[in-house]
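Structural overview
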Amino acid sequence: MSSSSAARPDHKTLFESVKQVAENPGWAVKEEIDGVEISVLSLPNSSCHVFRGKYAMPYTLEQFTSVLFNVSDRKSWDSQFVSGEVIEEVDANSTIEHLCFDSGSMLVSNRDMLVYRTVVKDDDGVTWVVAASIEDERCPPEKQFVRAEVINSCQRIENTEVDGKPGIHVTFIIQIDFKGMVPAFLTNAVGTKQPLTLLNIRKKLDELHH
């Protein structure tokens, strides 16, 4: 397949967009669940709320991303995930991925997303896994799904100590336009549930390394 089929976003623009959201002073802490601090942000230029989860775990960046990047095994830590595939490995740090999700309601169509994901290191040496929706003729919308738009998404991964051991602190940010008719309560439920996947990744790592 031709690698020119997709209009790829500029890495700097993609990073600066999500970094600006991450540093917005308007975040409001909503609740804490099993150590994950969940916050929400309302942006004046968007009807789609942004959700954030913060969580520390005693694993390395490499261990965390080995689970995060394994699309074929995502169902083991993301209960809403139905299926997915890597459409293209653009380079060592970037992929184009097609991901399908259960809406969580029989009254709402399932969603799929086509995203460009890349890894960026900032000036402080912090790793950001950033993603946003793209269009690609190799992966047109399918009638059994509504094509949602990922506006902002990232995992900001910073080295830290956890219980006196080397670990990481992960900040997960997600902003999705689900398109179509989706009740507000369902949008909020999904928005809260996604940051909690950090707990499931931690459990997956516990299984792999203990």
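Quick summary incoming for the structure in this document. No experiment lies behind these values; they were computed from the predicted model shown. (Residues numbered from 1 in each chain as written. Predicted model: local features only at pLDDT ≥ 70, side-chain atom pairs only at ≥ 80, totals over all residues. Heavy atoms only, no water.)

Points about the overall build of the protein chain
This is how the line gets drawn: Strands here are runs of E lasting at least two residues and helices are runs of H or I lasting at least four, both read from the DSSP assignment and numbered beginning at the N terminus. The globule rule used here is 2.2 Å times the number of residues to the 0.38 power, and the radius of gyration it is set against is calculated over C-alpha atoms. Accessible area is worked out with a 1.4 Å probe on protein chains only. A residue is then buried under 20% of its type maximum, exposed over 50%, and partly exposed in between. Note on definitions: a residue-residue contact is assigned when non-hydrogen atoms from the two residues lie within 4.5 Å. Residue exposure ignores everything except the shown protein chains as possible cover, and the areas themselves are Shrake-Rupley values with a 1.4 Å probe.
The secondary structure content of the protein chain amounts to four helices and ten strands. Its C-alpha atoms give the protein chain a radius of gyration of 17 Å, near enough to 17 Å, the size a compact globule of 210 residues would have. Along the three orthogonal principal directions, the C-alpha set of the protein chain runs to about 50 × 40 × 35 Å. In the protein chain, buried positions account for 46% of the 210 residues. Restricting the contact set of the protein chain to residue pairs at least 6 apart, pairs at least 24 apart contribute 57%. Within the structure as shown, the protein chain displays about 11,000 Å² of accessible surface, and the carbon and sulfur contribution to it stands at 49%.

Side note on the pairing of strand 5 (residues 94-101)
As a reminder, the rule being used: Criterion used throughout: strands pair if DSSP finds at least two bridges between them.
Burial runs high along strand 5: eight of the eight residues are buried. Where burial is concerned, the two faces of strand 5 agree: the one with Ser-94, Ile-96, His-98 and Cys-100 and the one with Thr-95, Glu-97, Leu-99 and Phe-101 are both buried. In this structure, strand 4 (residues 81-91) lies alongside strand 5, joined through eight bridges in antiparallel fashion. Along strand 5, the bridge assignment pairs Glu-88 with Ile-96.

Regarding helix 1 (residues 11-22)
Spelled out, the test is: For a helix, the expected span equals 1.5 Å multiplied by the residue count minus one. Working note: the arc is built from the helix axis to C-beta atom directions. Here a polar contact is taken to be a pair of N or O atoms separated by no more than 3.5 Å, where protein atoms must pair a possible hydrogen donor with a possible acceptor and residues adjacent in sequence count only if both atoms sit in side chains.
With twelve residues, helix 1 ought to run about 16 Å at 1.5 Å a step, and its terminal C-alpha atoms sit 16 Å apart, in line with that. Leu-14, Phe-15, Val-18 and Val-21 are the residues of helix 1 that are buried. Buried residues along helix 1 cover an arc of 130 degrees about the axis, so they all sit on one side. Among the exposed residues of helix 1, those pointing more than 90 degrees away from its buried face are Lys-12, Thr-13 and Gln-20. The backbone nitrogen of Lys-12 has a side-chain oxygen 3.3 Å away, supplied by the residue at the start of helix 1, namely Asp-10.

Section: the nonpolar core
As a reminder of what qualifies: Definition of nonpolar core: a set of buried residues of the types Ala, Val, Leu, Ile, Met, Phe, Trp, Tyr and Cys, connected through side-chain atoms within 4.5 Å.
One finds Met-57, Phe-64, Met-113, Ile-157, Val-170 and Ile-201 to be the most contacted residues of the largest nonpolar core, which totals 33 residues. No other element matches strand 10 (residues 165-177), which puts five residues into this core. Discounting residues that sit within four places of it in the chain, Phe-64 has contacts with Met-57, Gln-155, Ile-157, Ile-168, Val-170, Leu-198, Ile-201 and Leu-205. Grouped together as the second largest cluster of nonpolar side chains are 21 residues, Phe-15, Val-120, Ala-132 and Cys-154 included.

Notes on the pattern of salt bridges
Side chains that differ in charge, positive against negative, can pair when their charged atoms come close. Here is the rule: Salt bridge criterion: a side-chain nitrogen from Lys or Arg within 4 Å of a carboxyl oxygen from Asp or Glu.
Under the criterion given, the structure shown has 13 salt bridges. One salt bridge connects Asp-78 with Arg-74, and the closest N-O pair in it is separated by 3.1 Å. Here Arg-74 falls in the buried class, since its relative accessible area comes to 12%. Arg-156 is the salt-bridge partner of Glu-158, the closest N and O atoms lying 3.0 Å from each other.

Observations regarding the environment of Ser-79
In this fold, Ser-79 is placed in the loop between helix 2 (61-68) and strand 4. Owing to a relative accessible area of 55%, Ser-79 belongs among the exposed residues under this scheme. Sequence-wise, Ser-79 and Asn-200 are 121 residues apart; in three dimensions their C-alpha atoms are separated by 9.3 Å.

A word on helix 4 (residues 197-209)
Between its terminal C-alpha atoms helix 4 stretches 18 Å, which fits the 18 Å expected from 13 residues at 1.5 Å a residue. All of the buried residues in helix 4 are Thr-197, Leu-198, Leu-199, Ile-201, Lys-204 and Leu-205.

A closer look at the state of the cysteines
Here a disulfide denotes one covalent bond, and it connects the sulfur atoms of two cysteines. Where we set the bar: Whenever a pair of cysteine sulfur atoms sits within 2.5 Å, that pair is classed as a disulfide.
Tallied over the full model, the rule gives zero disulfides. Free of any disulfide, Cys-48 has its nearest neighbouring cysteine sulfur in Cys-154, separated by 17 Å.

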